[in-house]
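# Survey of secondary and tertiary structure
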Amino acid sequence: MADYVFGVRAANVEEAAPWVAKATGLTPVACESSDKGGDYYAFEGPDHSQMWLVRNRDVYDDEPVVSHADEWEIAILLQEARADSRVVQGLLTDDVHFILMNANPDVGGPAS
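Heads up: these notes are all about the structure in this document. Quick caveat: nothing in here was measured; it's all calculated off a predicted structure. (Residues numbered from 1 in each chain as written. Predicted model: local features only at pLDDT ≥ 70, side-chain atom pairs only at ≥ 80, totals over all residues. Heavy atoms only, no water.)

### A few points about the overall build of the protein
Helix and strand counts for the protein come out as 2 helices and 6 strands. Element order for the protein, N to C, with α for helix and β for strand: β-α-β-β-β-β-α-β. Computed over C-alpha atoms, the radius of gyration of the protein comes to 12 Å, within 12% of the 13 Å expected from 2.2 N^0.38 for 112 residues, which places it in the range of a compact globule. Along the longest, intermediate and shortest principal axes, the C-alpha atoms of the protein span 35 × 30 × 25 Å. (Helix = DSSP H or I, 4+ residues; strand = E, 2+ residues; numbered from the N terminus. Rg over C-alpha atoms; globule rule 2.2 N^0.38 Å.)

Shown next, in the form of structure tokens:
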């Protein structure tokens, strides 16, 4: 199991959510949290992995929300996923929309 960070080639999370759903087969759930850049989408994988599609800017200080994706306006943080899972493979296969920025067991969550 590892954590993954992807940059997303999208103007906003609303544009990217259908792409993520198509690539992964998961259903997006619209959410809101200042800790995750305001409006974001949550996904849960069949293996109980957790994934968030976020606006990668803090609503208060404009700092990145996700470590390892500082330059990306929109990012995906995927936690506790297997490398051979449909979710990971789907995101890796769609390199038109998603760019793998980091993959390791210690990628961490929101940036400090």
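The discussion continues.
### Regarding helix 1 (residues 13–24)
Its 12 residues place the ends of helix 1 16 Å apart at the C-alpha level, agreeing with the 16 Å of an ideal helix rising 1.5 Å per residue. By the burial criterion, the buried members of helix 1 are Val 13, Ala 16, Ala 17, Val 20, Ala 21, Ala 23 and Thr 24. The arc that holds the buried residues of helix 1, viewed along the axis, is 165°, so those residues lie on one side. On its buried face, helix 1 is in contact with strand 1 (2–8), strand 3 (38–44), strand 4 (50–55), strand 5 (74–81), helix 2 (86–93) and strand 6 (98–104). With a side-chain oxygen positioned 3.1 Å from the backbone nitrogen of Glu 14, the residue opening helix 1 is Asn 12. (Expected span 1.5 Å × (residues − 1). Buried < 20%, exposed > 50% of the residue type's maximum accessible area, 1.4 Å probe, protein only. Arc of directions from axis to C-beta. Contact = heavy atoms within 4.5 Å. Polar contact = N/O pair within 3.5 Å; in protein donor to acceptor, adjacent residues only side chain to side chain.)

### Quick look at the sheet that holds strand 2 (residues 29–33)
The strand order across the open sheet formed by 6 strands is 2-3-4-5-1-6, and the pairing between neighbours is antiparallel. Edge positions in the sheet fall to strand 2 and strand 6, since each has one partner strand and no second. Neighbour to neighbour, the strand axes of the sheet diverge by 25° on average, direction disregarded. Inspection of the sheet shows strand 3 paired to strand 4 by 5 bridges, in the antiparallel sense. Counterpart to Phe 43 in the pairing with strand 4 is Met 51. (Pairing = 2+ DSSP bridges. Axes fitted to C-alpha atoms, helices over the stretch in contact; angles between N-to-C directions.)

### A short note on the environment of Glu 14
Tracing the sequence through the fold places Glu 14 in helix 1. Look at Glu 14 and you get partly exposed, because its relative accessible area is 41%. Between the C-alpha atom of Glu 14 and that of Ser 33, which follows or precedes it by 19 residues, the distance is 15 Å. Not counting chain neighbours up to four residues away, the residues in contact with Glu 14 comprise Asp 39 and Tyr 41.

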